[in-house]
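Overview (structure and organization)
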Amino acid sequence: MASSTYSDKEISQNQQVFLLEAAGFVIKVIFGSSELTFFKKKILEEFLEVWEKGGFLTKRQNKVDFKISFEEKLEIEVIKKRRVKEEYYLSFKKDFDNRKVTTYYYQGLLSFQLVLKEVLAYLLEKNSGLLLHASSCLDKKENLKVFFAPSGGGKTTTSLMLSKVGYKRFGDDHLAIRKIKGKRI
């Protein structure tokens, strides 16, 4: 369901909730009501393009392992270091003790993916898994092929080239692995 199917009224007055499934974890992603309709529509559109198109959204209502909420925030919190001319802008609040993160509509998909990477790393660490720096493809028999290399080593290029000859791209840059009931997921 693309964000363009939501009216400006629905965007501003209603929340949209999605269940994202990755490495066997279910992460509830909540897009709260917001008057920032342009920003909310944009992040919803990007989110659905990547995660719905990739087949990671689920309707399963089983246990939610983590929650990521988008909220309206009109002022950006800034941390200034004393005696140094550096400023740090806060783009999300993490509360891993309660398994939740809050982020804001002015953030883009890249920021969301960085938050999601942190969440997955946390969940994997707590559940005997790991996050690999790798790209991957599924061959015609649904066997996963994983490519390891340092940054700039050709992982993405390899998976892109293989996708042109019938392989299906599975993951790019990060791959989450864990065992569930003796099976690798």
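Residues numbered from 1 in each chain as written. Predicted model: local features only at pLDDT ≥ 70, side-chain atom pairs only at ≥ 80, totals over all residues. Heavy atoms only, no water.

1. Observations regarding the environment of Lys59
Rules: Segments assigned H or I by DSSP are reported as helices when at least four residues long, segments assigned E as strands when at least two residues long, and all are numbered from the N terminus.
Position of Lys59 among the secondary structure elements: in the loop between strand 3 (57-58) and strand 4 (66-71). Taking the C-alpha atoms as reference points, Lys59 and Phe38, separated by 21 residues in sequence, lie 27 Å from one another.

2. What to know about the pattern of salt bridges
Two side chains bearing opposite charge may form a pair once their charged atoms approach each other closely. Filter applied, for reference: Think of a salt bridge as a Lys or Arg side-chain nitrogen and an Asp or Glu carboxyl oxygen that are within 4 Å of each other. Each residue's exposure class comes from its accessible area (1.4 Å probe, protein chains only) as a fraction of the maximum for that residue type: buried when under 20%, exposed when over 50%, partly exposed otherwise.
Here the structure, examined in full by the defined rule, presents five salt bridges. Residue Asp65 is joined to Lys63 by a salt bridge in which the shortest nitrogen-to-oxygen separation is 3.1 Å. For Lys145, the salt bridge goes to Asp139, with nearest N and O atoms at 3.6 Å. For Lys145, a relative accessible area of 34% puts it in the partly exposed group. Judged by relative accessible area, which is 12%, Asp139 ranks as buried.

3. A closer look at the sheet that holds strand 4
Spelled out, the test is: In this scheme, strands are said to pair when DSSP sees at least two bridges between them. Whether two residues touch is decided by their heavy atoms; if any such pair falls within 4.5 Å, the residues are in contact. Interaxial angle, 0 to 180 degrees, is taken between N-to-C directions of lines fitted to C-alpha atoms, where a helix line uses only the stretch in contact.
Taken in spatial order, the six strands of this open sheet run 3-1-2-4-8-7, and their pairing is mixed. Looking at which strands have only one partner, the edges of the open sheet turn out to be strand 3 and strand 7 (92-95). By the bridge criterion, five bridges tie strand 4 to strand 8 (residues 100-104) in an arrangement that is parallel. In the sheet register, Lys67 faces strand 8, and the bridge partner there is Lys100. Along the sheet, helix 2 (residues 37-52) contacts strand 1 (16-22), strand 2 (25-31), strand 3 and strand 4; its crossing angle with strand 1, the most-contacted strand, is approximately 30°.

4. Digging into the sheet that holds strand 12 (residues 168-171)
What the three strands build is an open sheet, ordered 11-10-12; its pairing is antiparallel. Lying at the two open borders of the sheet, with one neighbouring strand each, are strand 11 (144-148) and strand 12. In this sheet, adjacent strand axes meet at a mean angle of 30° when their direction is disregarded. In this sheet, strand 11 lies alongside strand 10 (residues 134-138) in antiparallel orientation, the contact comprising five bridges. In the strand pairing of strand 11, Ala134 is matched with Phe148.

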